Amino acid sequence: MPSSFPLPMFSHFVTMGHWLVFGVFASYISSVKGYSLIREYSGQTFFDRWDFYGDYDNLTAGNVLWANESYAASQKLAYIDSRGNAIIKVDNTTNVPLGQNRSTVRITSQDTYDIGSVWIIDLSHIPFGCSVWPAFWTFGPNWPQDGEIDIIEAINMMTYNQMSIHTTPGCTDNGSEYQLGISGPTTDCSQPPGCTVMETSPNSYAGDFAAAGGGVWATQFDVSGIFIWFWSRPNIPASINQANTSSVDVTQWGTPHASYFSNTCNITQFYTAQNLVLDITLCGVWAGVGSNYASTCANAGPTGQCYEDCVVGPGSPRYDDAYFNISYVRAYTSALPSATGTATISTDPTRVTATRQSGKSTRNYDHNGWSAVVMFLIAAPIAVIGSWPLMFKKLHYRGMPV
C-alpha cells in the first residue's frame, strides 16, 4: 500500500462504504504490485508499431488534416531527433489559406492492451498554444462502446492537465477521496465531458511543464479501477527512473492523481482491450468553441474566432510550441493469476494483450475469481470494525441498548 495513503483512526467515525472502497483498493494494490514490460516504443524504432491516421479529424471536428506516414516523415511532422526522442508536431511552416486546414499527426498503436496493464509515457514537451488540443488517450476497438481513457489532454493556454474517462451509460464517478486531483461536476461518464479530474500538482502542462524538464504519466488499467499518476521531472519515482525497466512496482507511487473505482464503474463491463493514441488537433468541439477559446485566447487575433485567428495564415511563431517530445512509451502487464487473467503475448503481431487463460479476451469476466474473494475477506472485517463507532453512536442516539 502506498505510504502516502491516509489511514483514518477508528475514532473518526468513517462510513462502511469508505472503508470498503479503501480496503479493496489497498488490498489489491498491495497484492498486485509487480508489472512486467511487454512493449517499449522508443528510439529509432518508435514509430514502427503505430498507424498514421491519414485523414481529416472526424472525431472532434478539428481544423486539421492528420497526415499519413509518408507525408508526416517528408514534412518533419513525425521524426526521431538527435537525442533519440520521438517528435510529433503541427505544421508550423505552411501559410494556410482561408478554407483549408493545417496538417498535423494522429497515431494509433497497432498493439492493444487488455485489463491488467500499466502504461507509462515520458515526455519533455507537450503541445500548447491558442487553438492547440493535444491528447494521449486510449480507446477500445468498438468506440465508444469499449471505453476511452484520457491520460493527457488540455486546450489553448490552460495551465494544467485534465484526465477523464468516457463510457456508455451505467458508469459513474462521484469523486474520490483517494486521489490528488479535483473531480469535475459531471458524475455520469457517458455524458460528453466524461468524468473529469483536474490535475492539482504544478507543471503538468504548457510552458511550465517544459521548463521543469517535462515529466511522466503512469496509468493502471485494472479490474479494480483506472488509476492515473503524474510526476514532474524532479519527482519521478526511482522505480521508473531506474536503469532496469523490465518491471515496475506500483506500490511505490503513492496516491493516484485520478482514481476511478470499479464499485461505481465496472471496468470489465465498460472496457475492453485498448489502443494507445497520440494526436494533436486544432480548434474543434472543445478548444475552438465559445468561452473555451475566449477564456485564454480572446486576444489571439482580430476576429475572436479560433480557425480564422490561428489556423489560417503563417504557422510560425504561433505553432512553434505545438509538438510532443517523447522519450518513450512503455506497456506493462501483471503476471499474477487474478480476475485480470494470465499475461500472454498473442501470436497476432498487431495485438499484445493480457488475456484470460482460455486465450480469449471478452467483456464478460468471471466476477467470482479468487482475487475478488480475497479482497472481500480482507475488506469486510475492516469495514465492519471501521463502521462500529458510527453504529454505536446512532444506536445510543436513538435510545437503543448496546
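Our subject is the structure that appears above.
Below, the structure is looked at part by part. (Residues numbered from 1 in each chain as written. Predicted model: local features only at pLDDT ≥ 70, side-chain atom pairs only at ≥ 80, totals over all residues. Heavy atoms only, no water.)

What follows is about the sheet that holds strand β3 (residues 55–56). Pairing in this open sheet of 3 strands is mixed, and the strands run β3-β4-β7 from one edge to the other. The sheet is open, and its two borders are formed by β3 and β7 (102–104), each paired with just one other strand. Strand direction decides the pairing type here: strand β4 (residues 64–66) and β7, joined by 3 bridges, are parallel. Across the sheet, L65 pairs through a bridge with S103, a residue of β7. (Pairing = 2+ DSSP bridges. Helix = DSSP H or I, 4+ residues; strand = E, 2+ residues; numbered from the N terminus.)

Throughout the structure, instances matching the rule amount to 17 aromatic pairs. Taking 5.7 Å as the distance between ring centres and 10° as the angle between the ring planes, the aromatic pair formed by F46 and W50 counts as stacked. The pair F46 / W50 is uniform in exposure class, with both members buried. Every member of this aromatic cluster is reached through a ring pair, and the members are Y41, F46, F47, W50 and F52. Residue placement shows K76 over the ring face of Y79; its charged tip is 3.9 Å from the ring centre. When the ring centre of Y328 is taken as reference, the NZ or CZ atom of R330 above it lies at 3.5 Å. (Phe/Tyr/Trp six-rings, centres within 6.5 Å; stacked < 30°, edge-to-face > 60°. Buried < 20%, exposed > 50% of the residue type's maximum accessible area, 1.4 Å probe, protein only. Lys NZ or Arg CZ within 6 Å of the ring centre and 35° of its normal.)

Another point: the pattern of salt bridges. Applying the stated criterion to the full structure yields 4 salt bridges. Between R39 and D111 there is a salt bridge whose closest N-O contact spans 3.0 Å. Of the two residues, R39 is situated in strand β1 (residues 34–42) and D111 in strand β8 (residues 106–113); the sequence distance between them amounts to 72 residues. Judged by relative accessible area, which is 22%, R39 ranks as partly exposed. Overall, the relative accessible area of 0% leaves D111 in the buried class. Here D122 ties to R233 by a salt bridge, and the two come within 2.9 Å at their closest N and O atoms. (Salt bridge = Lys/Arg side-chain N within 4 Å of Asp/Glu carboxyl O.)

The buried fraction of strand β15 (residues 215–222) amounts to 8 of the 8 residues, a majority that puts the element mostly inside the structure. Where burial is concerned, the two faces of β15 agree: the one with G215, W217, T219 and F221 and the one with V216, A218, Q220 and D222 are both buried. Sheet topology note: the strand β9 (residues 117–125)/β15 ladder contains 7 bridges and is antiparallel. For S117, the partnering residue across the bridge sits in β15 and is F221. Pairing geometry for β15 and strand β16 (residues 225–232), over 8 bridges, is antiparallel. Of the residues in β16, the one forming a bridge with G215 is S232.

Here we take up the pairing of strand β18 (residues 258–261). Burial along β18 is two-sided: the residues A258 and Y260 and S259 and F261 are all buried. Where β16 lies against β18, 4 bridges are found, and the strand directions are antiparallel. The residue bridging I226 from the neighbouring strand is Y260, located in β18.

This next bit is on the layout of surface pockets. Empty space among the atoms becomes apparent when a probe as large as a water molecule is rolled across them. By volume, the largest pocket amounts to about 740 Å³. Every residue lining the largest pocket is counted, 32 residues in all, and those nearest its centre are W133, E153, H166, P192 and P193. Broken down by secondary-structure element, the contributors of at least two residues to the lining of the largest pocket are β10 (132–139), β11 (148–153), β12 (162–166), β19 (274–282), α6 (284–287) and α7 (290–297). Here the element with the most residues in the lining of the largest pocket is α7; it accounts for 4 residues. Along the lines of polarity and charge, the residues of the lining of the largest pocket split into 14 nonpolar, 14 polar and 4 charged. (1 Å grid on protein atoms, 1.4 Å probe; cavity = no way out; pocket = protein on both sides within 12 Å on 5 of 7 lines; lining within 4 Å. Points joined across faces, edges and corners; volume = space filled by probe spheres on them. Nonpolar A, V, L, I, M, F, W, Y, C, P; charged D, E, K, R; others polar.)

This part is about the state of the cysteines. Inspection of every chain in the model, using the stated rule, returns 4 disulfides. Covalent S-S linkage joins C130 and C297, the inter-sulfur distance amounting to 2.2 Å. Its S-S torsion of approximately -100° makes the covalent link between C130 and C297 left-handed. Remark: C297 occurs in helix α7 and C130 occurs in the loop between β9 and β10; sequence separation between them is 167 residues. For C130, a relative accessible area of 14% corresponds to the buried category. (Disulfide = S-S within 2.5 Å.)

As a further point, take the sheet that holds strand β14 (residues 195–198). Read across the open sheet, the 8 strands follow the order β2-β8-β19-β10-β11-β12-β14-β13; overall the sheet is antiparallel. Only two strands of the sheet have a single partner each, and these edge strands are β2 (50–52) and β13 (182–183). Pairing analysis gives 3 bridges linking β2 to β8, with the strands arranged antiparallel. Residue pairing in the sheet places W50 in a bridge with S109 of β8.

Topologically, S109 is positioned in strand β8. Once residues lying within four places of it in the same chain are set aside, the contact partners of S109 are Y41, R49, W50, N275 and L276. (Contact = heavy atoms within 4.5 Å.)

Counting residues in hydrophobic clusters, the biggest one holds 76 residues, and the most contacted among them are F46, I165, W217, L278 and I326. When neighbours within four sequence positions are excluded, L278 is seen to be in contact with F46, W50, I88, V105, R106, I107, I121, A135, F136, F324 and I326. Among the nonpolar cores identified, the runner-up in size contains 17 residues, and I120, F227, W229 and I236 belong to it. (Core = buried A, V, L, I, M, F, W, Y, C linked by side-chain atoms within 4.5 Å.)

The tally for this structure, following the rule as stated, stands at 1 cavity of 30 Å³ or more. There is about 30 Å³ of room inside the largest cavity. Every element with two or more residues in the lining of the largest cavity is listed here: α4 (238–241), β17 (247–249) and β20 (323–334). A breakdown of the residues in the lining of the largest cavity according to their chemical character gives 5 nonpolar, 4 polar and 1 charged.

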